[in-house]
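Observations on the three-dimensional arrangement
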Amino acid sequence: MIGGLFIYNHKGEVLISRVYRDDIGRHAVDAFRVNVIHARQQVRSPVTNIARTSFFHVKRSNIWLAAVTKQNVNAAMVFEFLYKMCDVMAAYFGKISEENIKNNFVLIYELLDEILDFGYPQNSETGALKTFITQQGIKGQTKEEQSQITSQVTGQIGWRREGIKYRRNELFLDVLESVNLLMSPQGQVLSAHVSGRVVMKSYLSGMPECKFGMNDKIVIDKAGKGGVTDDVAKSTTGKQSIAIDDCTFNQCVRLSKFDSERSISFIPPDGEYELMRYRTTKDIILPFRVIPLVREVGRTKLEVKVVIKSNFKPSLLAQKIEVRIPTPLNTSGVQVICMKGKAKYKASENAIVWKIKRMAGMKESQISAEIELLPTNDKKKWARPPISMNFEVPFAPSGLKVRYLKVFESKLNYSDHDVIKWVRYIGRSGIYETRC
Amino acid sequence: MEWANQLCENRQFGSKMTDSKYFTTTKKGEIFELKAELNSDKKEKKKEAVKKVIASMTVGKDVSALFPDVVNCMQTDNLELKKLVYLYLMNYAKSQPDMAIMAVNTFVKDCEDPNPLIRALAVRTMGCIRVDKITEYLCEPLRKCLKDEDPYVRKTAAVCVAKLHDINAQLVEDQGFLDTLKDLISDSNPMVVANAVAALSEIAESHPNSNLLDLNPQSINKLLTALNECTEWGQIFILDCLANYAPRDDRESQSICERVTPRLSHANSAVVLSAVKVLMKFMEMLPKDLDYYGTLLKKLAPPLVTLLSAEPELQYVALRNINLIVQKRPEILKHEMKVFFVKYNDPIYVKLEKLDIMIRLASQANIAQVLAELKEYATEVDVDFVRKAVRAIGRCAIKVEQSAERCVSTLLDLIQTKVNYVVQEAIVVIKDIFRKYPNKYESVIATLCENLDSLDEPEARAAMIWIVGEYAERIDNADELLESFLEGFHDESTQVQLQLLTAIVKLFLKKPTETQELVQQVLSLATQDSDNPDLRDRGYIYWRLLSTDPVAAKEVVLAEKPLISEETDLIEPTLLEELICHIGTLASVYHKPPSAFVEGSRGVMHKRLPARTGSGESTESPDVGTIAGGSGTETAPSIIPSQGDLLGDLLNLDLAPPTTTGPPPPTSGMQMGGMDLLGGGLDSLMGDESEPLGGDIGGSAAMGAGFGAVPAVMPASLNAPMGGGLGDLFDLGGGVGMPLGAYIPPKTVWLPAMKAKGLEISGTFARRAGVIQMELTLTNKAMSVMTDFAIQFNRNSFGLAPAGPLQVLSPLSPNQTIEVSLPLSTVGPVMKMEPLNNLQVAVKNNIDVFYFSCQYPISMLFVEDGKMERQVFLATWKDIPNENESQFQIKDCHLNSDAASNKLQASNIFTIAKRTVEGQDMLYMSIKLSNGIWVLAELRVQTGNPNYTDLEISVKCRAPEVSQCVFQCCEAVLKN
């Protein structure tokens, strides 16, 4: 199990050091600093073995978080825990920065004492932690409150406390997708997938039971075959369904029920949380197509022409469009002409950055650039990094549709109809690259 | 309290007055000031002071001097302050054990607090204070907390048992905590169950054979129920524990799999990987024709692919595991090639792993896509990545025959880029392609030769030289090319030198007329001017071969080479099985068994996949479950049957060359006796010899000198054409200067390949020129290259220890055999073994550590100056009590006394006198062991009666234990 946890600043100075196991000594703190933080070269692995001690590290901005062990621990668990720890800290004091960590070091020690015991991760749900790690002492609590805390921390529904009340029961549901693409210069899709998340904000009273439905192909095909009432069958099969390659759920979702019936039912945490993640690869709507043309004119000049085409309903608007065209390291000057938006050569980033605020569907735009090169005797060829793109579109590129989100709360007197529900779809670019 | 509130407010409003001020460096006299503040009457001031202390502690300053002052602050109702003091205590209690006792009362009191959070805090902290006296006081509160009404306290107490076990295992057992912990597995609260499982699993690891976890269908059912209800972390503990269970039959296996599969949709990657581990393991037991088996295979792919959209660090862990899964069950991911395509912004460690998996998944169906990708990668920036990509292209050519042509042309394109490391890498892989498809692509040789000058890495140079030698007949200027390498022969690495030697010999055999001079030159460079024994040996062999029988030489040197296999870099099957059992853990990330990186006995246990059972056998093995219950697995290092404790000792030793250090053995009375016997020996006999080992050491020095001189003499004898045939040649290896005829037992297999992941070791012992040598034959029967050999002995009766490191200079490639001889010294640590001449050996390589034991003939220990003065012999014989005399018979030995005497003398058994009485020759002999013990013997040989061929021998020694061994030795010597 985890033997110790250290947090360093970018210089390698220790901000937090908590040792859980006797086999980890103070020298481990220094070993990591010397061998990893101060090492000159690029990090070659997130797991480092130094003198039979294993170090797992993650970086958040310029802060290093390292978990140390001498045993054969569950490596995936250690990383998941480090991420979770970052989430918990962020939930308490915002951005993970040197200043914030120093300002809250007592709190961090208190948290570390609670969420890791003898190196075994314990309940680390912020909702639960915030009920009793407040840095205000726990004097004011009544006996009932205390036992409520402990039963929540250890209980089956560790993510929600009893007795939540809202005047207005409201639900916000965001379908956030990032569409990833790797395309060859000739326009062939080498790989494409959508990784999506369903993020919810729920402000619901009591202990509501929720059921979430979407146009999952398996569910809809089943419903179609199952001979449910004709109306249902028609209305559902009429809509397009999507094939979901795989999905993972928040711990509040009953996995065994999903496995057997493919229905998504859960008691939601209060506030904001991520209900599920999913991945699709079939029938993806690629919102943009990038057509590159690079021509080398002699040894000191490059001509680049890039066309982008939007590929969605003309009534919809894409936003925050940015095309990044890499330039060789020996670029001495660039002239750009673009039809729409603004384009600039950024020498520090070795790229031409072309920005367009808005663009409707079924349109196209073009940029052309002349790149002057300094003559070099460097034998190494320019690697020609791919052209990458960023954008945001108001639909789900996977084609996912929310069919329903039902709320049941039998003890309190509100019904599914009384809950105000909001649904929003946002598609963003993930790694959206076209080779040139 | 007010202060705390204020602190919180400050945080909320983002004020500057925050904790960070404690980190500012304080001036001198800091400790003194802190002391004053800690003893202040004002609560706020106290708390601030403690915070400063903790801040100093964090940055590594020693603030242990403040111990009493900090502990004084412990009695408080302010929980924040209390937690800080506890933090301090955990850090420094060990350095101030007596003072730590001061804290006990508070702990005990807190364990009774009405607030469950405080009870839990007390028991949690107390377990972290590793002071013996405190642990005694911990027992009662812990017992109560394990039965506390509040689940939060129980789950904390469960972990505390593991903590206490780490400090004092015996105490935990004596106090019966293990049983209480077992009861908690049936607790109503899932988190308590999860923590109890975690604690028990950890404790069970240090008791591999105990039946602690007692996994049976009932308890498994409980675990599976808790699995649905506990936190993500708890699910991991439970799944990792489940993976150790051995289901009784395929039906049980299937039902567990069915209940575990829903976990594949968990958002936590560790839950997913642990579930994959359980499924991969239990799948072994399912019949392949079962429908469910196919369903399960299909279900495994999507979650594995999903892991690749996690954060990069987790992707890395996932990829390392996928690498194993793909080797074990390629069918799972065979259609998922595209997800392993490298993204431009992937961290380098993700890129390299993806590339590795791409090669493994490459097949005829997807080769075009893969090749296009690889070509793309070969133009990237990172040198390691580019090299690997180029190498991958070569691997594809070897793996998918249809693609070979395209691969070769891709490689030629890459060579045209003239990027140095790309060219070198390409040449290395083209060499392999030539070997796989002989006489197909030799047209490219001309292009390769153009790049000869740019090669500066040994591997590329060696590959190029190999190509030139192999195809010498097609390369017009092959002799010039090779000659150009010869100029800097001594600056080349061994790899290149060896290759050059072979290549020139090949050239000579192909074009003998023009290259005679060249071959002379290289042979003399290799034999006369080189210090490298491998090179010299190979040089001599060629020399002798060429000078005796050129036809035979041709047959040997130009023999058809075995084809190279399609798959390379595969993990050896037994290791792979073990690693599959460790999916998700560090072992799976390192691709090494836990024993390779975990210290001590914990986790060294080897795990195995379960065997497939037929569905009909379900009733047959009720006890499999119980056997496996304790460990889930058998312990592999049972090769050395007895002396379990010694084994532990051996395992703990670091495998570095000779160890005379190390803690003294925990000696029991019996062992002490043994040491006395062997160490002290016969004081009276040793007389004035103050340094009993002097002779031995001298011998070894002389031997070293002898060896040094040998090479100078050798070439002369070799120059004589038709010298003495190959037989002589092989004797040259090590046998120079040794007294001829010393008995060397034939080699026997000490470590079969099955038990050592493909490494087979056979060997024997010899004594040459006063030096004991362990002669080993290492054979690599695995599929991967073995490197980094090292050897280590356990303590043994005569203190045998390696006198130098195990000299395996070049990596041992598959199916290769090498002979190594390891000089031994007798100055190692001593411990009596049973039998006396037993030797426990650990051999390490890059794959694992292996253990075996062997018995050496005691004659190895007979020293050269073992001839006793007649007078002394007589006196000693009388002096040794008669009960120390043992009689033995050697049957069927047709030797007369002189022949026997000569034979024995060769093994340092010296005849001092001979008497003939009544048709019987009596030989009186003396032997001296390396540790100074004298053994006297009387051998009776019948001379008169030819039918009576038995010899009788009486052995007398102050240490009668050795008599049996000595006799065995004499018998062996006389009969051979």
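Above this note sits the structure.
A few points on the structure. (Residues numbered from 1 in each chain as written. Chains lettered and ligands numbered in written order. Predicted model: local features only at pLDDT ≥ 70, side-chain atom pairs only at ≥ 80, totals over all residues. Heavy atoms only, no water.)

**What to know about the overall build of chain A**
- Regarding its fold elements, chain A presents nine helices and 23 strands.
- By residue count, 55% of the 436 residues in chain A fall in the buried class.
- Within chain A, counting contacts between residues at least 6 apart in sequence, those at least 24 apart form 71% of the total.
- Total accessible area computed for chain A in this model is approximately 19,500 Å², and 50% of it derives from carbon and sulfur atoms. (Helix = DSSP H or I, 4+ residues; strand = E, 2+ residues; numbered from the N terminus. Buried < 20%, exposed > 50% of the residue type's maximum accessible area, 1.4 Å probe, protein only. Contact = heavy atoms within 4.5 Å. Areas by Shrake-Rupley, 256 points an atom, 1.4 Å probe, with all protein chains shown as cover.)

**Some words on helix α12 (residues 177–184) of chain B**
- Along α12 of chain B, the residues that are buried comprise Phe177, Leu178, Thr180, Leu181 and Leu184 of chain B. Angularly, the buried residues of α12 of chain B cover 160 degrees about the axis, an arc narrow enough to put them on a single face. (Arc of directions from axis to C-beta.)

**Things to note about the sheet that holds strand β2 (residues 759–768) of chain B**
Residue and element names in this part refer to chain B.
- One open sheet holds the five strands; their spatial order is β1-β2-β3-β6-β5, and the pairing between them is antiparallel. What marks the edges here is a single partner per strand, and that holds for β1 (748–751) and β5 (801–802).
- As paired elements, β1 and β2 share three bridges and run antiparallel to each other. Note on β2: the bridge partner recorded for leucine 751 is isoleucine 761. (Pairing = 2+ DSSP bridges.)

**Some words on the side chain of asparagine 215 of chain A**
Residues and elements named next belong to chain A.
- If you trace the backbone, asparagine 215 turns up in the loop between β10 (209–214) and α7 (217–225).
- Assessed through its relative accessible area of 2%, asparagine 215 is described here as buried.
- Residues contacting asparagine 215, with those up to four places away along its chain left out, are Ile220, Gln240, Ser241, Ile242, Gly399, Leu400, Lys401 and Arg403.

**Describing the pairing of strand β19 (residues 351–360) of chain A**
Residue and element names in this part refer to chain A.
- Among the ten residues of β19, seven are classified as buried, and the element is accordingly described as predominantly covered.
- In this sheet, β19 lies alongside strand β16 (residues 317–326) in antiparallel orientation, the contact comprising nine bridges. Of the residues in β19, the one forming a bridge with isoleucine 321 is isoleucine 356.
- Where strand β18 (residues 342–346) lies against β19, five bridges are found, and the strand directions are antiparallel. By the bridge assignment, alanine 343 is partnered in β19 with tryptophan 354.
- If you look at the hairpin formed by β18 and β19, you'll find four residues sitting between the two strands, and asparagine 350 has a positive phi there, around 50 degrees.

**A short note on the packing of aromatic side chains**
Residues and elements named next belong to chain A.
- Considering all chains together, one arrives at 31 aromatic pairs over all chains under this definition.
- An angle of 75 degrees between the planes, with centres 6.3 Å apart, marks the rings of phenylalanine 6 and tyrosine 8 as edge-to-face. Like tyrosine 8, phenylalanine 6 is buried.
- Each ring, one from tyrosine 166 and one from tyrosine 203, has its centre 5.7 Å from the other, and the planes form 75 degrees; the classification is edge-to-face. You can see tyrosine 166 sitting in the loop between α6 (143–154) and β8 (170–183) and its partner tyrosine 203 sitting in strand β9 (residues 189–203), a full 37 residues away along the chain.
- With a relative accessible area of 28%, tyrosine 166 lands in the partly exposed category. (Phe/Tyr/Trp six-rings, centres within 6.5 Å; stacked < 30°, edge-to-face > 60°.)

**Remarks on unusual backbone geometry**
Residue and element names in this part refer to chain B.
- Here the amide bond leading from glutamate 834 into proline 835 is cis, since omega sits at -5 degrees, within 30 degrees of zero.
- Position of proline 835 among the secondary structure elements: in the loop between β6 (817–825) and β7 (838–844).
- One non-glycine residue, asparagine 908, lies in positive phi territory at about 65 degrees.
- Turning to its location among the elements, asparagine 908 is positioned in the loop between α41 (897–906) and β10 (910–917).
- We classify asparagine 908 as buried; its relative accessible area is 6%.

**Some words on the pattern of salt bridges**
- All chains considered together, the criterion is met by 76 salt bridges over all chains.
- Here lysine 421 of chain A ties to aspartate 416 of chain A by a salt bridge, and the two come within 2.8 Å at their closest N and O atoms.
- Judged by its relative accessible area of 34%, lysine 421 of chain A falls in the partly exposed class.
- Put simply, arginine 940 of chain B and glutamate 952 of chain B hold a salt bridge, and the shortest N to O gap is 3.3 Å. In this pair, arginine 940 of chain B sits in strand β12 (residues 934–942) while glutamate 952 of chain B sits in strand β13 (residues 951–957), placing the two residues twelve residues apart along the sequence.
- Under the relative-accessibility criterion, glutamate 952 of chain B is labelled partly exposed at 22%.
- Within this structure, Arg387, Arg391, Glu425, Glu457 and Glu459 of chain B form a network of salt bridges that share partners. (Salt bridge = Lys/Arg side-chain N within 4 Å of Asp/Glu carboxyl O.)

**A word on the interface of chain A and chain B**
- The interface of chain A with chain B comprises 95 residues on the first partner and 117 residues on the second.
- Counting the surface lost from both chain A and chain B, the interface buries some 9,200 Å², and carbon and sulfur atoms represent 55% of this.
- Of all residues in chain A, Arg52, Asn72 and Thr154 of chain A give up the largest surface area on contact with chain B, accounting jointly for 7% of the area buried on that side.
- Scanning the region where chain A abuts chain B turns up 13 salt bridges.
- Between glutamate 110 of chain A and lysine 83 of chain B there is a salt bridge, and its shortest N-O distance comes to 2.8 Å.
- In this structure, the connection of chain A to chain B is made through 43 residue pairs in polar contact (both at pLDDT 80 or more).
- Top contributing element to the side of chain A that touches chain B by residue count: helix α2 (residues 75–93) of chain A, with eight residues.
- Of the residues in the side of chain A that touches chain B, the class split is 36 nonpolar, 32 polar and 27 charged. (Buried area = accessible area lost by both parts, 1.4 Å probe. Polar contact = N/O pair within 3.5 Å; in protein donor to acceptor, adjacent residues only side chain to side chain. Nonpolar A, V, L, I, M, F, W, Y, C, P; charged D, E, K, R; others polar.)

**A few points about a negative patch on the surface**
- Residues Glu480, Glu483, Glu487 and Glu517 of chain B make up a contiguous surface patch of negative charge.
- Within the fold, glutamate 517 of chain B resides in helix α29 (residues 516–527). (Patch = residues over 30% accessible without salt bridge, like charges linked within 9 Å, V, L, I, M, F, W, Y side chains within 5 Å. Lys, Arg positive; Asp, Glu negative; His and termini not counted. Charge placed at Lys NZ, Arg CZ, Asp CG, Glu CD.)

**Some thoughts on the environment of glycine 187 of chain A**
Residues and elements named next belong to chain A.
- Within the fold, glycine 187 resides in the loop between β8 and β9.
- Judged by its relative accessible area of 22%, glycine 187 falls in the partly exposed class.
- For the pair glycine 187 and arginine 289, spaced 102 residues apart in sequence, the C-alpha separation works out to 8.2 Å.

**Overview of the packing of helix α9 (residues 132–146) of chain B against α12 of chain B**
All names here are of chain B.
- Where α9 contacts α12, the two axes come as close as 11 Å, and the packing angle between them is 20 degrees. When the axis of α9 is compared with that of α12, the two are roughly parallel. For the crossing formed where α9 meets α12, the hand is left-handed. Between α9, through Cys139, Leu142, Arg143 and Leu146, and α12, the contact on the second element is made entirely by Phe177, Thr180 and Leu184. (Axes fitted to C-alpha atoms, helices over the stretch in contact; angles between N-to-C directions. Parallel < 35°, antiparallel > 145°, perpendicular 65-115°, else oblique. Left-handed = near helix turned anticlockwise from the far one by under 90°.)

**As for a positive patch on the surface**
Residue and element names in this part refer to chain A.
- Positive charge collects at one region of the surface, where Lys342, Lys344, Lys355, Lys357 and Arg358 lie side by side.
- Residue assignment for the positive patch shows that the elements contributing at least two residues are β18 and β19.
- Here the element with the most residues in the positive patch is β19; it accounts for three residues.
- Along the chain, lysine 342 turns up in strand β18.
- The exposure class assigned to lysine 342 is exposed, which follows from its relative accessible area of 68%.

**Section: helix α18 (residues 291–306) of chain B**
- Those residues of α18 of chain B not exposed but buried are Tyr292, Tyr293, Leu296, Leu297, Leu300, Ala301, Pro303, Leu304, Val305 and Thr306 of chain B.
- Its buried side turned inward, α18 of chain B meets β11 (246–249) and β13 (271–280) of chain A together with α16 (250–260), α17 (269–283) and α19 (312–328) of chain B.

**Quick notes on the pairing of strand β1 (residues 4–8) of chain A**
Residues and elements named next belong to chain A.
- Burial runs high along β1: five of the five residues are buried.
- Alternating positions in β1 separate into two faces, Gly4, Phe6 and Tyr8 on one and Leu5 and Ile7 on the other, with burial throughout.
- With five bridges joining them, β1 and strand β2 (residues 14–19) adopt antiparallel strand pairing. By the bridge assignment, tyrosine 8 is partnered in β2 with valine 14.
- Where β1 folds back on β2, the antiparallel hairpin that results is connected by five residues, among which glycine 12 adopts a positive phi of roughly 95 degrees.
- Taken together, the five bridges between β1 and strand β5 (residues 63–69) define a ladder with antiparallel strand orientation. Across the sheet, residue tyrosine 8 finds its bridge partner in β5, namely tryptophan 64.

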